[in-house]
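So you can see what is in the structure, the chains are spelled out below.
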Amino acid sequence: MKALIIDKPVKAEEIFLSECEIPKLKSGWVLVKIRAFGLNHSEQILRREEILENYIQKPVIPGIECVGEIADASDTNFKISDKVIAMMGGMGRSFNGSYAEFALLPAHHVFKVEINLDWAELGAIPETYYTAWGSLFECLRLKKSDTLLIRGATCALGYVAIQIAKTLGAKVIATTHRESKFPLLKDADEIILDDGKLAGKISATKVLDLIGAKLLLDTLKTVVPSESAFVCSTGILGGVYELNNFDPIKDIPNGVYLTGFFSNTPTQKVVDDIFNFMNENKLRPCVGKIFDFENLREALIAQDGGAVNGKIVVKI
């Protein structure tokens, strides 16, 4: 099969596909014929620097999500040709991931799906929709009556969060640090130019922070303290991964709840909830641009250059 294999930091321009053997089966794992996969920020971090860490298997095929069909079910309850999605659980880090024509994946992180979409559209869903869903409902406990602030909304996750929140009926305030990006947020109720200092300028009941530690202390001051004032820190678009000298007693305002969503534990129930929601509301996935697998290099160049607004999907 063809795959992208890396063992050191690599620029998108240096990417090329290699030939390698189709993975051999083992108990509790399934062989998936990959039809499409989305590109993610975490894979970008892996390519640029994280590949050097000791906990990363090397060499490794990147890719934390995919959609496709069961090619061999091994000793699991799946059947050949089942339509599935897979994500997380160590994909592309602890074991080979989705930048390939086939992937051997642990059955507990592979999920059957039912939806009338082509493979490329389906490829835009797994990790992005799961992260948005978990952030909004598990962490923020979003309700129709809420005013949701999405900080750093001009990214694939931001667009999906807007779509889900608006479908639910919540009011959405979206921010971006570039005025030229305003048209991309047209589905939000209000668009704010983010200068890094929003405290005192916005009153929200819930906040989805996709910038991360860089602006988190300011974000905590954008919600009205109440029993439903939640801030969920999910993204790290700001490029700062840790909050040094953080004092939770002083830095978290009274009456505000801080949480974060870690997307490593998807379940079939949650996947079913997401797809039922999409089916019931006739939602189409947010797709930025689709590339063929043979053009993976170009897809990664587009990702690194920020040339695509929305989810980049690679189809096989």
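Preceding this paragraph is the structure being described.
Since this is a predicted model, take the numbers as computed values, not measurements.

A. Focus on helix H3 (residues 126-139). Given a rise of 1.5 Å per residue, 14 residues ought to cover 20 Å, and the 18 Å separating the end C-alpha atoms of H3 matches this to within 8%. One or two steps after H3, the chain reaches arginine 141, where phi turns positive at roughly 50°.

B. Main features of the packing of helix H1 (residues 41-48) against helix H8 (residues 296-304). One way to put it is that H1 packs onto H8 with a least axis distance of 11 Å and a crossing angle of 100°. Here H1 is positioned roughly perpendicular relative to H8, judged by the angle of their axes. Counting all contacts with H1, which are made through His41, Gln44, Arg47 and Arg48, the residues of H8 involved are Leu300, Gln303 and Asp304. Here the residues of the contact of H1 with H8 are counted per class, giving one nonpolar, three polar and three charged.

C. Here's a closer look at the sheet that holds strand E12 (residues 230-233). Spatial ordering of the open sheet is given by E10-E9-E8-E11-E12-E13, a layout of six strands whose pairing is parallel. In the strand order of this sheet, the two ends are held by strand E10 (190-193) and strand E13 (257-260), each with one partner. Direction aside, the axes of adjacent strands within the sheet are offset by 20° on average. Strands strand E8 (147-151), strand E11 (206-209), E12 and E13 of the sheet are contacted by H3, whose axis makes an angle of about 155° with E12.

D. Structural detail: the packing of H3 against helix H7 (residues 268-280). One way to put it is that H3 packs onto H7 with a least axis distance of 10 Å and a crossing angle of 95°. It follows from the interaxial angle that H3 and H7 lie roughly perpendicular. Between H3 and H7, the residues in contact are Tyr129, Tyr130 and Trp133 and Val270, Asp273, Ile274, Phe277 and Met278, respectively. Taken together, the residues of the contact of H3 with H7 sort by class into seven nonpolar, no polar and one charged.

E. A look at the nonpolar core. The biggest cluster of nonpolar side chains holds 50 residues, and the ones touching the most others in it are Ile85, Ile150, Leu208 and Phe275. At the level of elements, strand E5 (83-87), helix H2 (119-122), H3, E8, helix H4 (156-168), strand E9 (171-176), E12 and H7 are the ones that each hand at least two residues to this core. Examining the composition of this core, we find that seven residues originate from one element, H4, more than from any other. Setting aside residues no more than four positions away along its own chain, isoleucine 150 makes contact with Gly158, Ala161, Ile162, Val172, Ile173, Ala174, Thr175, Leu208 and Leu210. Judged by nonpolar contacts, the second largest core, of 44 residues, contains Ala3, Val60, Met91 and Ala299.

F. Inspection of the environment of aspartate 72 at higher detail. Inspection of the secondary structure assignment puts aspartate 72 in strand E4 (residues 65-72). At a separation of 2.9 Å, a polar atom in the side chain of aspartate 72 contacts the main-chain amide nitrogen of serine 74.

G. The state of the cysteines, seen in detail. Tallied over the entire structure, the rule returns zero disulfides. Lacking any disulfide linkage, cysteine 232 is separated from the closest cysteine sulfur, that of cysteine 139, by 4.1 Å.

H. Geometry of the environment of tryptophan 133. Along the chain, tryptophan 133 turns up in helix H3. Between the C-alpha atom of tryptophan 133 and that of valine 160, which follows or precedes it by 27 residues, the distance is 8.9 Å. The residues touching tryptophan 133, leaving out its near neighbours within four places in the chain, are Glu138, Ile164, Val270, Asp273, Ile274 and Phe277.

I. How the structure looks around the side chain of serine 135. As for its position among the elements, serine 135 is in helix H3. Those residues within four positions of serine 135 in sequence are excluded, and the remaining contacts are Leu140, Leu208, Cys232, Thr234 and Phe261.

Rules used throughout
- Residue indices begin from 1 for each chain and proceed along its sequence in written order.
- Whole-chain, interface and lining totals are the exception, using all residues; otherwise, since this is a predicted model, local features are given only for residues with pLDDT of at least 70 and side-chain atom pairs are given and counted only at 80 or more.
- As a rule here, side-chain values cover all heavy atoms of the structure and leave hydrogens and water aside.
- Each helix corresponds to a stretch of at least 4 residues labelled H or I by DSSP, and each strand to a stretch of at least 2 residues labelled E; elements are numbered beginning at the N terminus.
- Multiplying 1.5 Å by the residue count of a helix minus one yields the expected span of that helix.
- Each axis is a line fitted through C-alpha atoms, and for a helix only the stretch in contact is used; angles between axes span 0 to 180 degrees, taken between their N-to-C directions.
- Note on terminology: angles under 35 degrees are roughly parallel, angles over 145 are roughly antiparallel, angles of 65 to 115 are roughly perpendicular, and the others are oblique.
- Any two residues having at least one pair of non-hydrogen atoms within 4.5 Å are treated as being in contact.
- Under the grouping applied here, Gly and all other residues not named as nonpolar or charged are polar, the nonpolar ones being Ala, Val, Leu, Ile, Met, Phe, Trp, Tyr, Cys and Pro and the charged ones Asp, Glu, Lys and Arg.
- Following DSSP output, two strands are said to pair if at least two bridges run between them.
- In these notes, a set of buried Ala, Val, Leu, Ile, Met, Phe, Trp, Tyr and Cys residues joined through side-chain atoms within 4.5 Å is what counts as a nonpolar core.
- For every residue, the accessible area obtained with a 1.4 Å probe (protein chains only) is divided by the maximum for its type, and the residue is called buried under 20%, exposed over 50%, and partly exposed between those limits.
- Here a polar contact is recorded for every N or O atom pair within 3.5 Å, except that within protein the pair must consist of a potential hydrogen donor and a potential acceptor, and residues adjacent in sequence are included only if both atoms are side-chain atoms.
- The disulfide criterion used throughout: a pair of cysteine sulfur atoms within 2.5 Å.

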